[in-house]
Amino acid sequence: TLGIYSLILELVGAGGLEPESTIPTEAFDSAPVLPLVILLVVVVAPLAEETFFRGFLFPALRGRWGTISAALASAMLFAALHFDPGSFIPFTIIGLLLVWAYVASGSLWAAIFAHFVFNGISVLIGIALGGGS
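Only a predicted model underlies this, so the values are computations on that prediction, with no experimental measurement involved.

Q: With reference to specific residues and values, describe the confidence of the model for the protein chain.
A: Residues of the protein chain with pLDDT of at least 70 account for 89%, and the chain-wide mean is 87. At the level of individual helices and strands, the protein chain shows its lowest average pLDDT in helix 1 (residues 2–11), which scores 70, and its highest in helix 3 (residues 67–80), which scores 97.

Q: Just give me the short version of unusual backbone geometry, but keep the residues and values in it.
A: Residues other than glycine seldom take positive phi values, yet Phe83 does so here, at roughly 55°. As for its placement among the helices and strands, Phe83 is situated in the loop between helix 3 and helix 4 (88–105).

Q: Help me get a handle on the packing of aromatic side chains, residues and values and all.
A: Tallying each qualifying case throughout the model produces 6 aromatic pairs. Judged by centre distance (4.9 Å) and plane angle (80°), the ring pair of Phe52 and Phe53 falls under edge-to-face. According to the relative accessible area criterion, Phe53 is buried, its value standing at 5%. Seen from their ring centres, Phe78 and Phe91 are 6.3 Å apart, and the 20° between their planes marks the pair as stacked. Taken as a pair, Phe78 in helix 3 and Phe91 in helix 4 lie far apart in primary sequence, 13 residues in all. On the accessibility criterion, Phe78 (2% relative accessible area) is buried. Overall, the relative accessible area of 7% leaves Phe91 in the buried class. Grouped by ring-pair contacts, the aromatic residues Phe52, Phe53, Phe56, Phe78, Phe91 and Phe118 constitute a single cluster.

Q: Got a sec to walk through the pattern of salt bridges? Specific residues and values, please.
A: Summed over all chains, the structure comprises 1 salt bridge. With a closest N to O distance of 2.7 Å, Glu50 and Arg54 form a salt bridge. Here Arg54 and Glu50 lie together in helix 2 (residues 34–65), a separation of 4 residues that amounts to about one turn. Accessibility classification places Glu50 together with Arg54 in one group, the buried group.

Cut-offs applied
Residues numbered from 1 in each chain as written. Predicted model: local features only at pLDDT ≥ 70, side-chain atom pairs only at ≥ 80, totals over all residues. Heavy atoms only, no water. pLDDT = per-residue confidence, 0-100. Helix = DSSP H or I, 4+ residues; strand = E, 2+ residues; numbered from the N terminus. Phe/Tyr/Trp six-rings, centres within 6.5 Å; stacked < 30°, edge-to-face > 60°. Buried < 20%, exposed > 50% of the residue type's maximum accessible area, 1.4 Å probe, protein only. Salt bridge = Lys/Arg side-chain N within 4 Å of Asp/Glu carboxyl O.

Here you go:
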């Protein structure tokens, strides 16, 4: 999702709106800090975010607004709380995909696992680009 979004921005000449990593690049520069970063980003964040956004917020909104409006609202809030304007659109799409994983499977674990994978790939890219001593 992020790659396609970045490609579209480049093609339309809006490369300055590309998403930035929500993980500080310095986090990949210290070998002693890296295991903590991995734990927090790959395990703790998906568990906490999915529990709140898909396990609590989405069902609460779904009961009042219906599935589509609740999915969009929870996905947009998920994106907004990553505090990067360039990430808002792709993270909204990712939030919608996570809602879909939750609804289609009937289990929060599907969304948690997908989020683990997404964040895990992000950390691997950060290590590859940042050197991760």
